Every structure is written in C-alpha cells, then in structure tokens.
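# Inside the fold
The primary structure of each chain is shown beneath.
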Amino acid sequence: MGNKYKNDFLDLASKLDALVGEHGEITKHAIAIADNQDRIATITLLKKISDVVDLKNQTSEVKLLAKALKDSLIKYYGYITVVDICNKELIVEDNRTLPELLSDLNELIGLSNVKAKVNDLIAYQKVQQLRKIKGLPSTKNTLHLAFMGKPGTGKTTVARIVGRIYKQIGLLSKGHFIEVSRTDLIAGYQGQTALKVKKVIEKAKGGVLFIDEAYSITENDHSDSYGRECLTELTKALEDYREDLVVIVAGYTDPMNKFFNSNQGLKSRFNTFIEFEDYTADELEEILLMMCNSNEYVLNEEVKKKINMALKELVEKKDENFANGRLVRNIYDELIMNHAKRVVDIENPSREELSLIIASDFRNKEIEDMEAF
C-alpha cells in the first residue's frame, strides 16, 4: 500500500509540474520527500501547492490537481506526520484582518442562527479582552464550544474561522486548527491513551482542537477503560490550557446531548452550545452555484430548474442521515463527470462548451439512492 501511495504522489507531482511550468521543481521536491522524507522539501512543496490554489487566474484543472497532490501527500505520510513536520501553523498561516475574517463568516451561505451566536460570542470575548487591558474585571468564561448538527452543515468551516478570529483578538497565540477523531485519541493498549491525548493537546495548544463525533470516544466496547482514560485526560486539558486552547466538540445533536449528560465534569467545561440547522433547498442550490462559479462552470436555465426540483424533493424526504453540503458536493462531482464524458467527444470544444452544464449532465442519482433504501 505504501508503494501505491508513493507512486500516486510522484505521478500527481509530475503532472502538476508540467501544467504549471515549474521546470522540474515540484517533481524534485516530491522525489526528496519520497526518498528521504525531507522536511524542507515537504514545507516547500506545501507552500507551492498553496500558492497554486490561491492564484486568482489559475484554471480549475490546475487547482483540482494541486489539491489532489496535497491529499496524496497526506495519504503517503499520514496526517499526524505532516503536522509534525510542518508544526501545522506553516500550513494554515493566515494574515487576514479581523474585519476580513468576520466578513468570511457572515458571507457563509445560510447558518443565520450560527452566525448570530458566533458574532455575539466574538463581541463578548473582544470586550472582555478590552476590559482586561484597561484594568477592569473580566469574566473568565471558557472558550470551549460544542457544535451540534448533521454532517455537511458547516461545523468544520466555522470552527476554522473561529480559531483565526480568536487569534486576531488576542485570545489564542497561533490560531491554527487540528481536527481529530476517536482513532487519533485512543490507543490500542491500556495506559497509552493518556499519552496519545497529551501529544494531540500539545500540538493543538495556541489554536483549535476540533473533535468530530466526540461521543464516539465512549460509544464502544472499551468505554469503561480506554474511553474513560481519554475523557479524563481531555477534561484535565480543558481546564489546564483554557487560556490558550479552544476545544470544539461536534456531532449529531441527540448523541452529543447524551454524551454531555453522561459526563457532568466534561459538560461544565463548555458553556456555549450552537445548533447547526439543515440547509434549505434554496441554500443548497446557492452552495452548488457558488461551487460551479468558483471553478468556472455555468449551469443553463433548464438544468437549474431540474436541480432545484430535485433538491426540494431531497429536502422534503430527508432523514437523520441527510448530508447537507456533502450532498451538494456529490451532485457537483457528478455534474462535472457527466459534462466531461459528453464534451470529451467534441472535436476542439469551445470555451463555452468546456464550461456549460446542460440538463443531460444532471441525473437524479441522490434521489434514486434515497429511494433504493
């Protein structure tokens, strides 16, 4: 498997090199990584990938390939190894101002309740900081947050923005973001879980530690030993590093409520609980249009109507597994694939043909999959 990841990584590096005209530079760094796990080459390559993705006039093909190369690098190394090599903040360096970050938050599609609560929270924390500077008493409420809602509702996106905003107003020293799940926190042997949690906390200090499906820590056969060991260490860290660490736990609403109700010590470390509601059909369509626009694809009116009707039907039939933004990503991926299969047979396609999505490119696969169940 390791050789497959290595070969895929080198192949993608070579393709990106050729597309952006780096004259072998990207390939050189990739080979240094593959042969020697070179730290400097890793950091340099990640910066080059970031530059390619951020370039305004860059084609969607190049951006997709750059993102694929980064994903391939993480698969080859392993996520935690990449964090170790780059100390994470090198990857997420962000020089945006507070007004720019707040604008990014408020421009997110939907999430009106979430944005209102986060804006209130930021205003409160900012004023407490100002009171502290002026020598006035400031309330030492914990910064830790609980995000409740289904997958694809923007929890991770909001968590990243919150971390960067907290850095800008002086609550965090770094503002970087580390996402973990149960497997990153719980070890396979008794006594090792605490060490594993401490290692993750050490990496997250100064920034945001995002724990998705936090209830999975205790929802298993080892909940009386490994899960309890993890929660003990995590609860201690929530208190010990409250001045320079934000822990955000997230997951489905009902399991999250049960998770907190079963551990009052953990619940007492959180005083902000934010519910992420499902997107409406119109909001899902807006997300899809934004994805298309950012990659220079255009939907004609006929396909827009088909998609709008399909989304309304999907929202009406939704159950607890409704995927929200991930559903839109699946629709987008299928549109792009069907468009490619149609256009590839056109001899010398025009710019318009390479961009235009038509009705035949859309098939109600998501609805068919729901009906299959």
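Scroll up a little and you will see the structure.
Position numbers for residues start from 1 in each chain and track the written sequence from start to end. Local features in this predicted model are restricted to residues of pLDDT 70 or higher, and side-chain atom pairs are both shown and tallied only at a pLDDT of 80 or more, whereas totals for entire chains, interfaces and linings draw on every residue. Side-chain figures throughout are based on the complete set of non-hydrogen atoms in the structure, without hydrogens or water.

## A few points about the overall build of the protein
Put simply, the rule is: Helix and strand assignments come from DSSP, with helices taken as H or I runs of at least 4 residues and strands as E runs of at least 2, each series counted from the N terminus. Buried means the residue's accessible area, taken with a 1.4 Å probe over protein chains only, is under 20% of the maximum for its type, while exposed means over 50%, and partly exposed covers the values in between. Note on areas: these come from Shrake-Rupley sampling with a 1.4 Å probe, and a residue is covered only by the protein chains present in the view.
When helices and strands are counted, the protein shows 18 helices and seven strands. A total of 373 residues make up the protein; the buried ones form 43% of that total. Accessible area for the protein stands at about 19,700 Å²; split by element, carbon and sulfur atoms hold 50% of it.

## A short note on the packing of aromatic side chains
We describe a pair of aromatic rings using the distance from one ring centre to the other and the angle between the two ring planes. Let me state the cut-off plainly: Aromatic pairs are defined between Phe, Tyr and Trp rings, using the six-membered ring for Trp, whenever the two ring centres lie within 6.5 Å; interplanar angles under 30 degrees are classed as stacked, those over 60 as edge-to-face, and all others as tilted.
Summed over the entire model, instances satisfying the criterion amount to six aromatic pairs. With 6.5 Å between their ring centres and 80° between their planes, Tyr297 and Tyr332 make a pair best called edge-to-face. Residue Tyr297 is found in the loop between helix H14 (281-294) and strand S6 (298-299), and its partner Tyr332 is found in helix H16 (residues 325-343); the two are separated by 35 residues along the sequence. Assigned by exposure class, Tyr297 and Tyr332 land together as buried. An aromatic cluster of three or more residues is present, and its members are Phe259, Phe260, Phe270 and Phe273.

## Comments concerning the environment of Gln192
As a reminder of what qualifies: Contacts: residue pairs with any heavy atoms within 4.5 Å of one another.
You can see Gln192 is positioned in the loop between helix H9 (182-185) and helix H10 (193-204). Judged by relative accessible area, Gln192 falls into the partly exposed class, the value being 41%. Through-space distance from the C-alpha of Gln192 to that of Glu229 is 9.1 Å; in sequence the pair is 37 residues apart. Not counting residues up to four positions away in its chain, the partners in contact with Gln192 are Ala187 and Glu229.

## Re the pattern of salt bridges
As a reminder, the rule being used: What makes a salt bridge here is a side-chain nitrogen of Lys or Arg within 4 Å of a carboxyl oxygen of Asp or Glu, nothing more.
Across all of its chains, the model carries 14 salt bridges by this definition. Lys205 is paired through a salt bridge with Glu202; the nearest N and O atoms lie 3.4 Å apart. By relative accessible area, which is 27% here, Lys205 ends up partly exposed. Between Lys318 and Asp278 there is a salt bridge, with the nearest N and O atoms lying 3.0 Å from each other. Of this pair, Lys318 sits in the loop between helix H15 (301-317) and H16 while Asp278 sits in the loop between strand S5 (272-276) and H14, placing them 40 residues apart in sequence.

## Overview of the sheet that holds strand S4 (residues 246-251)
Definition in use: Pairs of strands are assigned from DSSP output, requiring at least two bridges between the strands. Inter-axis angles, ranging from 0 to 180 degrees, are taken between N-to-C directions of lines fitted to C-alpha atoms, where helices are fitted over the stretch in contact.
Read across the open sheet, the five strands follow the order S2-S3-S4-S1-S5; overall the sheet is parallel. Looking at which strands have only one partner, the edges of the open sheet turn out to be strand S2 (177-180) and S5. Pairs of neighbouring strands in the sheet enclose a mean axial angle of 20°, with direction left out of account. Where strand S1 (residues 145-149) meets S4, four bridges bridge the pair, whose relative direction is parallel. The residue bridging Phe147 from the neighbouring strand is Ala250, located in S4. With respect to the sheet, helix H7 (residues 112-133) is in contact with S1 and S5, its orientation differing from that of S5 by roughly 160°. Across the sheet, H10 lies against S2 and strand S3 (208-212), angled at about 135° from S3, the strand it touches most.

## Notes on the packing of H15 against H16
Test applied: When the near helix sits turned anticlockwise from the far one by under a right angle, the crossing is termed left-handed; a clockwise turn instead gives a right-handed crossing. Any residue outside Ala, Val, Leu, Ile, Met, Phe, Trp, Tyr, Cys, Pro, Asp, Glu, Lys and Arg is labelled polar, Gly included; the first ten of those are nonpolar and the last four are charged.
The interhelical angle for the contact between H15 and H16, taken along N-to-C directions, is 150°, at an axis separation of 12 Å. Considering how the two elements wind past one another, H15 and H16 form a crossing that is right-handed. Contact with H15, carried on its side by Ile307, Leu311 and Leu314, involves Leu327, Ile331 and Leu335 of H16 and no other residues of that element. Taken together, the residues of the contact of H15 with H16 break down into six nonpolar, no polar and no charged.

Don't take any of this as a statement about function, it's just geometry.
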